[in-house]
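What follows is each chain in one-letter form.
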Amino acid sequence: MTMQYAMAYEVVPLEDFSTVFGSTTELSSASIGGQVVHVSDEFFAEAYQLLLVEPPVNLAKQYGPNGELYSGWETRRHNPTYDWCTIRLGTTGIITGFDIDTTHFNGNEAPEASVDAAYEFPNEGTTWKEILPKVRLGPSCRHLYKIPATGQATYVRLRIYPDGGIARFRVYGHVMPVFPASPVEPFDLAHIFAGGKVVATSDDHFGSSSNLLLPGRGKDMGDGWETKRSYTKDHQDWVTIKLGAPGYLSTAVIDTIHFKGNFPESCDIRGIYSQDTVPDANGDGWNMILSPVALGPHRMHFFQLSSPCEQYTHVKVSIYPDGGIKRIRIMGTMAAKSEADMTEITTQEDGKHQTTPIIVEEGWEIIEVENID
C-alpha cells in the first residue's frame with residue numbers, strides 16, 4: 001500500500017548541488033552498505049549499479065547476451081504499469097533529496113520516476129509513503145530534487161514509469177546516530193553511523209575526506225583521503241571532523257592501508273568544544289591532544305590521546321606534509337551527565353589515567369600499535 005500526500009519538491013540546478021546537499025550524507029551509497037533488496041526487472045542492466053560510488057561510464061557499442069551494456073539499471077520494454085527497485089539504505093536517516101541520474105541513457109531512459117519510503121523491512125503489508133511524486137526525466141543528465149525532511153526511513157522504493165534505464169540513484173539526508181546503550185561504553189564518535197561528519201578540509205584532490213569515516217577498511221586508495229603533492233616548506237594538510245556527540249576522547253586510530261608510497265610522514269590531532277558546526281580551523285581554542293607522531297605505510301596505528309577528561313565536539317587531524325589516509329577512528333565515551341558518571345568513565349592508578357578499552361570493527365587486523373605518554 002502506498003500513502004500519497006501532496007508532497008512539495010524543488011528542482012535543484014546542478015551548479016547548486018554543494019549548497020543544497022553539501023551538508024548531507026548519501027544514505028543509499030554502497031560504500032556505507034546501501035543495497036538493492038528487491039527489483040521487478042533488470043533484464044538489460046542490473047539494479048545494484050544504481051548505488052555504486054563511481055559515476056556511470058560509457059559502455060556504448062559493448063554488448064552482452066541480452067543486448068548493449070549500460071552502467072546502471074535497465075528493464076525490458078513494454079511494461080503496462082511501472083518497474084520498481086527496493087533499496088535498503090546504509091543506515092536509517094532523514095531524507096532530504098535525490099539525484100536521479102540518466103547519464104548515457106539516451107532514447108532508453110526512464111521517462112518518469114517517483115520515490116516511496118518505509119521504516120520497516122518491506123513486505124506485502126508494508127505501508128509506503130510517497131516522498132517524491134512522479135517527475136519527468138530527460139535523457140543523459142542528472143536530475144536533482146530537494147524535498148521537505150521526512151520522518152525516519154530505512155528503505156526506499158524507486159519506481160520508473162513505465163520502464164527504461166537509470167544510471168545512478170542517490171538518496172541524500174541526515175544519519176540517525178547510533179550510540180551505545182551505556183554512557184560509559186567506548187565507541188567511535190567520528191564514525192558516520194554515530195553521526196560523525198567531515199565539515200572542512202584543506203584539500204581533496206585525489207580522494208574525498210568524507211571517506212575517512214566510512215565503515216570497514218575499503219578496497220583500494222580510491223576510497224580514502226589523499227591530497228595533492230606539496231613542495232612548499234612546512235606544508236600541512238588537514239581535515240576537521242564534527243563528532244556525532246560531545247565526548248571524552250581516549251584513543252585515535254589512523255589507518256594508512258593501501259597507501260604504501262604516498263602515506264603522510266606524520267600527523268597530529270587537536271580537539272575543540274564548539275557550538276559552531278564548522279569551527280575556524282586556524283582559530284583559537286584548539287587543544288593538542290596528540291603531538292606530532294610518525295606514520296608508516298599500509299598499516300593501522302593506535303595512539304593514546306591526552307586530555308581525556310576534557311569534552312570535545314570536533315577534532316582536527318593534520319598530516320605533514322601531505323599524502324593519504326584510509327580511515328580515522330576517534331574512540332571515546334559520550335559526555336557524562338554528572339560528575340558521578342565521570343568516576344565510571346575514568347579510573348586513576350598510580351596517578352595515571354587509564355583509558356577505556358577500544359573497539360574496532362570486525363575484520364580489522366592490528367598491524368602496529370603506538371602509545372604516546
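Definitions and limits used
- Residues numbered from 1 in each chain as written.
- Predicted model: local features only at pLDDT ≥ 70, side-chain atom pairs only at ≥ 80, totals over all residues.
- Heavy atoms only, no water.
- Helix = DSSP H or I, 4+ residues; strand = E, 2+ residues; numbered from the N terminus.
- Buried < 20%, exposed > 50% of the residue type's maximum accessible area, 1.4 Å probe, protein only.
- Contact = heavy atoms within 4.5 Å.
- Areas by Shrake-Rupley, 256 points an atom, 1.4 Å probe, with all protein chains shown as cover.
- 1 Å grid on protein atoms, 1.4 Å probe; cavity = no way out; pocket = protein on both sides within 12 Å on 5 of 7 lines; lining within 4 Å.
- Points joined across faces, edges and corners; volume = space filled by probe spheres on them.
- Nonpolar A, V, L, I, M, F, W, Y, C, P; charged D, E, K, R; others polar.
- Phe/Tyr/Trp six-rings, centres within 6.5 Å; stacked < 30°, edge-to-face > 60°.
- Lys NZ or Arg CZ within 6 Å of the ring centre and 35° of its normal.
- Salt bridge = Lys/Arg side-chain N within 4 Å of Asp/Glu carboxyl O.
- Polar contact = N/O pair within 3.5 Å; in protein donor to acceptor, adjacent residues only side chain to side chain.
- pLDDT = per-residue confidence, 0-100.

Trainee: Could you give an account of the overall build of the protein, naming the residues involved and the relevant values?
Mentor: Helices and strands together make up the secondary structure of the protein, namely two helices and 26 strands. Counting the 373 residues in the protein, one finds 50% classified as buried. In the protein, once contacts between residues fewer than 6 apart in sequence are set aside, the share between residues at least 24 apart is 80%. Surface summary for the protein: the accessible area is close to 17,600 Å², and the carbon and sulfur share equals 50%.

Trainee: So what's going on with the layout of surface pockets? Residues and values would help.
Mentor: There is about 1,100 Å³ of room inside the largest pocket. If you go around the largest pocket, you meet 38 residues; those closest to its centre are E26, S29, V53, S210 and N211. At three residues, helix α1 (residues 17-21) tops the list of elements feeding residues into the lining of the largest pocket. Its residues placed into classes, the lining of the largest pocket shows 15 nonpolar, 12 polar and 11 charged. One number sums up the size of the second largest pocket: a volume of about 390 Å³. In terms of lining residues, the second largest pocket is bounded by 23 residues, among which S23, G196, K197, V198 and V199 are the most central. Of all the secondary-structure elements, those providing two or more residues to the lining of the second largest pocket are β14 (168-175), β16 (197-201) and β18 (237-255). Here the element with the most residues in the lining of the second largest pocket is β16; it accounts for five residues. Considering only residue class, the lining of the second largest pocket consists of eight nonpolar, 12 polar and three charged.

Trainee: Got a sec to walk through unusual backbone geometry? Specific residues and values, please.
Mentor: A cis geometry characterises the amide bond from Y161 onward to P162, with omega recorded as -15°. P321 follows Y320 through a cis peptide bond whose omega is -15°. Among the structural elements, P321 can be located in the loop between β22 (311-320) and β23 (324-325). In this structure, H78 takes a positive phi of about 70° despite not being glycine.

Trainee: Give me the lowdown on the environment of G93, citing residues and values where you can.
Mentor: Relative to the assigned elements, G93 resides in strand β8 (residues 83-101). Note on G93: relative accessible area 0%, which makes it buried. G93 sits 83 residues away from M176 along the chain, and the two C-alpha atoms are 4.9 Å apart. If near-sequence neighbours (up to four positions away) are discounted, G93 is found in contact with L27, G151, Q152, A153, H174, V175 and M176.

Trainee: Provide a residue-level description of the packing of aromatic side chains, including the pertinent values.
Mentor: Inspection of every chain in the model, using the stated rule, returns 10 aromatic pairs. With centroids separated by 5.5 Å and ring planes inclined at 70°, the aromatic side chains of F17 and Y172 adopt a geometry described as edge-to-face. Highlighted residues: F17 in helix α1 and Y172 in strand β14, separated in sequence by 155 residues. On the basis of relative accessible area, F17 is assigned to the partly exposed category, the value being 22%. Taking the relative accessible area as the measure of exposure, Y172 reaches 6% and is therefore buried. These aromatic residues form a ring-pair network of at least three members: F17, F21 and Y172. The lysine or arginine in question, R159, covers the ring of Y82, its NZ or CZ lying 4.8 Å from the ring centre. The ring of W238 is capped by K316, whose NZ or CZ atom sits 5.5 Å from the centre of that ring.

Trainee: Outline the pattern of salt bridges, supporting the account with residue identities and numerical values.
Mentor: Scanning the model with the defined rule gives 12 salt bridges in all. Here D223 ties to K326 by a salt bridge, and the two come within 3.0 Å at their closest N and O atoms. Here K326 lies in the loop between β23 and β24 (327-334) and D223 lies in the loop between β16 and β17 (225-226), a separation of 103 residues in the sequence. An identical accessibility class is assigned to D223 and K326; each is buried.

Trainee: How would you explain the environment of G195 if you had to name every residue and give the values?
Mentor: Among the structural elements, G195 can be located in the loop between β15 (187-188) and β16. Dropping the residues within four chain positions of it, G195 is found in contact with V175, P177, K242, L243 and G244.

Trainee: Give a description of the side chain of T256 that names residues and reports values.
Mentor: Mapped onto the elements, T256 comes out in the loop between β18 and β19 (266-272). A polar atom in the side chain of T256 sits 3.2 Å from the backbone nitrogen of H298. Among all residues touching T256, those that are not within four sequence positions of it are F263, G296, P297, H298, R299, H301, G324 and K326.

Trainee: If you had to explain the confidence of the model for the protein to someone new, which residues and values would you point to?
Mentor: Mean pLDDT for the protein: 90, with 88% of residues reaching 70 or above. Under a pLDDT of 50 for its full length, residues 338-373 has, in the predicted model, 65 contacts with residues more than four places off or in other chains.

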